[in-house]
Amino acid sequence: MGSVQIVTTILAAAITAVAVWLAVRAVMKMTAVIRLGQPAPERFGDKGARTRKMLVETAGHTRMLKWSVVGAAHWFVMVGFIVLSLLVLEAYFEVVTPGGGLPIIGHWTIFGLATEWIGILGLAGILVLMGIRLRNRPTRPGGRSRFTGSTMWQGYFVEWVVLLVLIFGFVIRGFKVATDHFEYPVWATPLSHAVGAALPAWTAGVSVAALIKIAISMTWLIVISLNVTMGVAWHRFLAFPNIFFKREPEKAAGSGLGALRPMMSGGKPLDFEEADPEKDQFGVAQVEQFTWKGLLDFSTCTECGRCQSQCPAWNTGKPLSPKLLVLSLRDHAYAKAPYLLAGGGKDLTGEEKATAAQLAHVDVLALAEAEKPLIGTAGEGGVIDPDVLWSCTTCGACVEQCPVDIEHVDHIVDMRRYQVLIESSFPSEAGVMLRNLENKGNPWGAPQNTREDWTKGLGFEVPRVGEVDDFEYLFWVGCAGAFEDRAKKTTRAVATLLNEAGVSFAILGEGETCSGDPARRIGNEFVFQMLAQQNVETLNEAFEGREKSKRKIVATCPHCFNTLGNEYGQLGGEFEVVHHTQLLAHLVAAGKLTPVQPVDGGVTYHDPCYLGRHNRVFAAPREVLGDSIQGELTEMPRNSERSFCCGAGGARMWMEEKIGKRINVDRVEEAMATGAKTIAVGCPFCSTMLNDGVNGKGAGEQVEVVDVASVLLRSVKPDAPAGEKETESVAG
Ligand code: SF4
Ligand code: SF4
């Protein structure tokens, strides 16, 4: 060992010792913070499916590749990081001796070949990612950026470290080539040989370059260890457990879509018949009341801003960004942690749990952080502003896009639950809806005995369950379908088509009550459970003696469709639920409905969030429309998985939209820009919102908003009486 190697070895060992010590401390701190969360025993089931999903999503980059260029570049950087970590290890041999290398595999040509090409592709990948970050920097003139609010220096730092580590990997190899210490052939390692041809034959260069590479890598480790909230770096490690512990690993798409996570206390679903607010946790009022998985979610956020770029609230000027919400919760959790780890915290009655002696040595900043209300205005020092909390439509675009499977909607609704159930604090206009649900069983407060009024004048009998011996489908009409004028036309169109196709169906009539979706999404789990239990009982009675595959329900409202199909199981109701567009597509394909007259003028389709993103029904409505117009749909730029919300979900239908541009207007402008004369929808709330948007723009003469069923009916029965068509509803 020469003098240069003695110095490089000592320096490499010193910086590595410091970095490893800091990293161990950081990992222990993060683990302690995450363990502050509430139990979530359900996250440990089905380890096989969890492992499979984690491997598919990480190795296959299935979620990242939805954005193909970024996804591909990130894949090479990720693989580069994992495989080239071996080359960082190899650098420790190279600081000791210029000819050093990894034992055994370091002598294999295949190792040289693989690391060479992964290094080259990693270089290309990181340059692409750097270019994308620069092109989307928040400070660029004009336009909104998905990186707005992200900690930009951290992103640049991580990218430069990756770039420099890769470059120095080739410099080390270059010096080895130049000094005849390199054993891989030119065909396997062309770039290394090219670099070597340009470098002098300086033997010590290998050890010096190896030291620089180690120093850069360890500086990275030191910086991230001193910044435990640096998700852009830590996600390299945390993404694996975060994906492994996702809510429903067997699901093809986002685990936090479809059913909401039930309201939990102490790791068990809360039963309102026995719940006690002084003993049980009602939603989330303190950051430590999220589960440990919630705290892991917050720690894992990469600050990539994909969620933000798709959020309808953020894109229309509301203060909500799912990314900023997650970052606020993360920063608050870590800032409050010293107080919590010292034994601090409030019990469920609001009393301090720690003694003065326990808190005596806690940092004043942590004590001040602990005093912040989780939900509160800036003036109150709140972590999350109420306007942020109530702007969410629960559309799920954030969950759909998040590459590390963060479950934003569950977290938002958990915070709403406490605000509604304990604080009675929510937008006042939604109070009418909740009172109507409690007293009348529907959000509009319409008399229950008018639930069947839509059947009048149909020209055929619509039987009630109990009046017919047998029926194949129970037609779940929904509150909108029964009471709202425009939606009633859809209900009539569906009934007419089912009758035409010879499908035997029956309704519950006055036995039906609201599915409970708006109550659950606003956070009133009590009202949801009350309505849901009543419906589950009614439906179980209606299907008595039938196995699950014969307990078929067809629903026109995607919110009912989602609640009945995905959430009633939590309360003992197992049914086979289809959306009407799925059943209609099946009937057309089976030849039981025959579109005869093409609907002209061009049709575009707006995917309802709870049908599309939350339940992956993208094809059926498009098939029905394609058959009806006997041609191609005109798609909007934001469609299918990336569809843009109408603004009504998450009980926003019953709240005023006072901030920013109206979401429905934004969507209508996009739909009208396609030039289509018909905007087809598959949801009564989308219908209302988009109709309002069209009428608000004074465009009622140019464009019409109608349900997919009505479009089909026009094609199947061009002479159907006016009452069965939805066209008139805009005026009516
Ligand atoms: S669910 Fe939709 S509205 Fe709510 S934060 Fe996510 S993207 Fe935004
Ligand atoms: S998409 Fe996920 S990782 Fe990216 S900023 Fe949003 S929450 Fe964070």
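Just above, that's the structure.
Note that this is a predicted model, so its numbers are computed, not measured. (Residues numbered from 1 in each chain as written. Chains lettered and ligands numbered in written order. Predicted model: local features only at pLDDT ≥ 70, side-chain atom pairs only at ≥ 80, totals over all residues. Heavy atoms only, no water.)

Focus on the site of ligand 1
Here comes step 1: The environment of ligand 1 is made up of Cys 311, Pro 312, Leu 320, Pro 322, Cys 392, Thr 393, Thr 394, Cys 395, Gly 396, Ala 397, Cys 398 and Val 409.
Here comes step 2: Grouping the amino acids of the shell around ligand 1 by side-chain chemistry returns nine nonpolar, three polar and no charged. (Near = heavy atom within 4 Å. Nonpolar A, V, L, I, M, F, W, Y, C, P; charged D, E, K, R; others polar.)

A few points about the pairing of strand β3 (residues 473-476)
Here comes step 1: A two-sided burial pattern is seen for β3, the buried positions comprising Tyr 473 and Phe 475 on one face and Leu 474 and Trp 476 on the other.
Here comes step 2: Relative to strand β4 (residues 505-507), β3 runs parallel, the two being bridged by three bridges. From the neighbouring strand, Phe 475 faces β4, where its bridge partner is Ile 507.
Here comes step 3: Sheet topology note: the β3/strand β5 (residues 552-555) ladder contains four bridges and is parallel. Opposite Phe 475, over in β5, you have Val 554 as the bridge partner. (Buried < 20%, exposed > 50% of the residue type's maximum accessible area, 1.4 Å probe, protein only. Helix = DSSP H or I, 4+ residues; strand = E, 2+ residues; numbered from the N terminus. Pairing = 2+ DSSP bridges.)

Some words on the site of ligand 2
Here comes step 1: Contacts to ligand 2 come from 13 residues, most closely from Cys 301, Cys 304, Gly 305, Cys 307 and Cys 402.
Here comes step 2: Here the shell around ligand 2 is composed, by residue class, of seven nonpolar, three polar and three charged.

Thoughts on the nonpolar core
Here comes step 1: Counting 171 residues, the largest nonpolar core has Met 415 and Leu 539 as its most contacted members.
Here comes step 2: No other element matches helix α7 (residues 203-226), which puts twelve residues into this core.
Here comes step 3: Counting residues in each nonpolar core, the second largest holds 21 residues, with Leu 102, Ile 118, Val 162 and Leu 166 among its members. (Core = buried A, V, L, I, M, F, W, Y, C linked by side-chain atoms within 4.5 Å.)

Some thoughts on empty space enclosed by the protein
Rolling a probe over the atoms, with the probe sized like a water molecule, indicates the empty space that remains.
Here comes step 1: Tallying each qualifying case throughout the model produces ten cavities of 30 Å³ or more.
Here comes step 2: The greatest single-element share of the lining of the largest cavity, amounting to three residues, is contributed by helix α17 (residues 408-421).
Here comes step 3: The class makeup of the residues in the lining of the largest cavity is four nonpolar, ten polar and six charged. (1 Å grid on protein atoms, 1.4 Å probe; cavity = no way out; pocket = protein on both sides within 12 Å on 5 of 7 lines; lining within 4 Å. Points joined across faces, edges and corners; volume = space filled by probe spheres on them.)

Thoughts on unusual backbone geometry
Here comes step 1: Positive phi outside glycine occurs at Asp 46, with the angle close to 45°.
Here comes step 2: By the secondary structure assignment, Asp 46 is in the loop between α1 (3-34) and α2 (47-59).
Here comes step 3: Residue Ile 104 is not a glycine yet carries a positive backbone phi of 60°.
Here comes step 4: Ile 104 gets classed as exposed once you look at its relative accessible area, which sits at 61%.

Quick notes on a nonpolar patch on the surface
Here comes step 1: Together, Met 1, Ile 6 and Ile 10 make up an exposed nonpolar region whose accessible area comes to about 330 Å².
Here comes step 2: Mapping Ile 6 onto the fold places it in helix α1. (Patch = residues over 30% accessible without salt bridge, like charges linked within 9 Å, V, L, I, M, F, W, Y side chains within 5 Å. Areas by Shrake-Rupley, 256 points an atom, 1.4 Å probe, with all protein chains shown as cover. Salt bridge = Lys/Arg side-chain N within 4 Å of Asp/Glu carboxyl O.)

Let's talk about helix α23 (residues 558-567)
Here comes step 1: Judged by how many residues are buried, α23 sits mostly within the fold: eight of ten residues are covered.
Here comes step 2: Pro 558, His 559, Cys 560, Phe 561, Asn 562, Thr 563, Leu 564 and Glu 567 are the residues of α23 that are buried.

Remarks on the pattern of salt bridges
One side chain can pair with another of opposite charge once the charged atoms of both are near each other.
Here comes step 1: The final tally for this structure, using the stated rule, is 49 salt bridges.
Here comes step 2: The salt bridge partner of Glu 57 is Lys 246, with a shortest N-O separation of 2.6 Å. Of this pair, Glu 57 sits in helix α2 while Lys 246 sits in the loop between α8 (231-244) and β1 (264-265), placing them 189 residues apart in sequence. For the pair Glu 57 and Lys 246, one class covers both residues: buried.
Here comes step 3: Notably, a salt bridge pairs Lys 548 with Glu 576, separated by 3.9 Å at the nearest N-O pair. Of the two residues, Lys 548 is situated in the loop between α22 (525-542) and β5 and Glu 576 in strand β6 (residues 576-579); the sequence distance between them amounts to 28 residues.
Here comes step 4: Lys 548 sits in the partly exposed class, given a relative accessible area of 39%.

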